[in-house]
Amino acid sequence: MNYKKTRYTLLYLMLGIMLLFSPKFSLNAQAEEEEFDPGEYIMEHITDDYGWHITTYNEHHITVPLPVILFDGGNFVVFSSGKFHQGQQAYKGYALGFTEDTDGSIVKLGGNYADYTGELNYEEACPPIDHVCKYDVSITKNVCALLVSIILLCWIFLSVAKKYKEGPLKAPKGLQSFLEPIILFIRDEVVIPSIGEDKYQKYFPYLLTLFFFILVNNLMGLIPIFPGGANLTGNITVTAVLAIITFFITNISANKHYWKDIFNSPGVPWWLKFPIPLMPLVEFIGVFTKPFVLMIRLFANITAGHIIVLGFLSLIFIFGAMSPAIGYAVSPVSVFFYIFMGLLELLVAFIQAYVFTLLSAIYIGMATEEPHHEELAN
Amino acid sequence: MTLLASLITPSFGLLVWMLIGFGILVFILAKFAWPVITKSIAQREAYIENQLAEAEKVKNELANLSKKHDEMMAQTKAERDKILGDARKISEKMYEDAKIKANNEATALIEDAKKAINFEKMKAIIDVKNEIANLSIDIAEKLIRKELSDKDKQNQLVEDWMKGINQN
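Residues numbered from 1 in each chain as written. Chains lettered and ligands numbered in written order. Predicted model: local features only at pLDDT ≥ 70, side-chain atom pairs only at ≥ 80, totals over all residues. Heavy atoms only, no water.

J.: Sorry, what's going on with unusual backbone geometry here?
T.: Glycine aside, the phi torsion of most residues is negative, and most peptide linkages are trans. Here Lys92(A), not a glycine, exhibits a phi torsion of approximately 50 degrees, which is positive. Take Lys92(A): it is sitting in the loop between β5 (89-90) and β6 (94-96). (Helix = DSSP H or I, 4+ residues; strand = E, 2+ residues; numbered from the N terminus.)

J.: Can you help me understand the packing of helix α6 (residues 200-222) of chain A against helix α10 (residues 324-368) of chain A in this one?
T.: Angle between the axes and distance between the axes are the two parameters that describe a pair of packed helices. All names here are of chain A. Where α6 contacts α10, the axes come no closer than 9 Å and their chain directions differ by 160 degrees. One finds that α6 runs roughly antiparallel with respect to α10. Relative to α10, α6 is oriented so that their crossing is right-handed. Among the residues making up the contact of α6 with α10, the classes are represented as 17 nonpolar, 6 polar and 1 charged. (Axes fitted to C-alpha atoms, helices over the stretch in contact; angles between N-to-C directions. Parallel < 35°, antiparallel > 145°, perpendicular 65-115°, else oblique. Left-handed = near helix turned anticlockwise from the far one by under 90°. Nonpolar A, V, L, I, M, F, W, Y, C, P; charged D, E, K, R; others polar.)

J.: Sorry, what's going on with the pairing of strand β1 (residues 51-57) of chain A here?
T.: Working note: regular strand, side chains alternate between the two faces of the sheet. All names here are of chain A. Bridge count for β1 against strand β2 (residues 60-65) is 6 bridges, and the pairing is antiparallel. Its bridge partner being in β2, Tyr57 is matched across the sheet by His60. Hairpin connection between β1 and β2: a loop of 2 residues separates the two successive antiparallel strands, and Asn58 in this loop has a positive phi of roughly 50 degrees. (Pairing = 2+ DSSP bridges.)

J.: How should a nonpolar patch on the surface be read in this particular structure?
T.: On the surface, Val333(A), Phe336(A), Phe337(A), Phe340(A), Leu344(A), Leu347(A) and Ile351(A) cluster together to form a nonpolar patch covering roughly 630 Å² of accessible area. On the basis of relative accessible area, Phe337(A) is assigned to the partly exposed category, the value being 33%. (Patch = residues over 30% accessible without salt bridge, like charges linked within 9 Å, V, L, I, M, F, W, Y side chains within 5 Å. Areas by Shrake-Rupley, 256 points an atom, 1.4 Å probe, with all protein chains shown as cover. Salt bridge = Lys/Arg side-chain N within 4 Å of Asp/Glu carboxyl O. Buried < 20%, exposed > 50% of the residue type's maximum accessible area, 1.4 Å probe, protein only.)

J.: What's the story with the pattern of salt bridges in this structure? I'm lost.
T.: Here the structure, examined in full by the defined rule, presents 4 salt bridges over all chains. As a salt-bridge pair, Glu180(A) and Arg44(B) come within 2.7 Å of each other at their nearest N and O atoms. Of the two residues, Glu180(A) is situated in helix α5 (residues 175-195) and Arg44(B) in helix α2 (residues 12-147); the pairing between them involves two chains. With a closest N to O distance of 3.5 Å, Asp81(B) and Arg80(B) form a salt bridge. Among the charged side chains, a network of salt bridges with common partners joins Arg187(A), Asp188(A) and Glu45(B).

Listed below in structure tokens is the structure:
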């Protein structure tokens, strides 16, 4: 009985989603005047932006304007990204980059436009570009998502910590009981086996934060509406920062044994070390490739997932542009694959958070590992 | 190509925000959340472990107690049986002793009686003997008196006696 009910609910849900994504509904206005470009559509979703575009309704872009903060010419310039009007206007001489090189960044216009506020007409009178604003610390879509996730994480874990403080011997409840097995899993299956029972405590807070930061942002990236949907963990800057932190922690806490193993690897024939230090070189490069691979893995996995999901959605619009009938025919298949990919992404969200944390823990473990007794004897 | 380039080009602003934001996040959580959570979890784990160990101990103790109880019961039973047995033995012995004593007493009494009877018998016999002796002496006296009434017979008797003495 219940099963049947659930099945019907699912069916209605799918129909509803199909209707939402059907070409007639959302593409009515756009399809008539401009061709749908899936590449642009996908890139818009996975790259950073100065405003947070939510939807387009009747040719009006509904966007959450975010503050632009520039450090330009020795002082801070702060204004709302809404002033750009999707690149249609300039504000005090600042405009969104419109050439191929400057796409995605903010440029300072030169010449007559140096302090210009108002409409820009690139075709008739292309304004000269003075320079690209290098020190751009705007609250972009990704920064906004970052802040949201930080607040969310703080709220989650401070409230959970409060609950623990209230009754450390009580059985966990609610959010606490969802998080506790994960925390225990990280501790018992990831951190302790990699670093060791006696040293893990020093690195445990960082690794826990790392895991939950990646996990929460992976999951938020899967939510298609406003506070979610930003591709934060699929952004190379974010993954790079995480990888760099792991790199620094690894190398700062590395002991003599670790460096000795790198420059004089045991169990390697001497002619690989002398006269050409081939192995030491490979090992030394490995010090940098490890975090580099961490960075690329997370970035590529999450971005690829988003691209595939969005690709399936784009199929509807592509076929819908040919003929609404084909669009309708394709949409169930697309929605099916979308849901399938969504679930896969959910899995990937956990796996990638786990893998990043596990590898970070293993690298730290390798760096802090004490020499074995057999080696000492040799 | 620009699409790919924009994907893999780190952006300065996000880098700054990420460093600051993630740094603050690690700081806040490492200061206010993780120590409390991990300590509480460890504390609870230790508590549960203790409780389990204690439960095991109590269980063992209970088992011990019941064993002791059983032992005590068995001991008490044995003691009771022993006491009862002893009592029975004592009573039996007393009975036997009493019996033996009674027997002995009876025997002694009988012996005494026998002795008394014998004594009396002997006494009676002696009396009878004396009586008989007296009687016979009397008879003999009478006889002798009668016999000695004539002289011949007196001589005859002396002669007989003398014969008897000679023969001796």
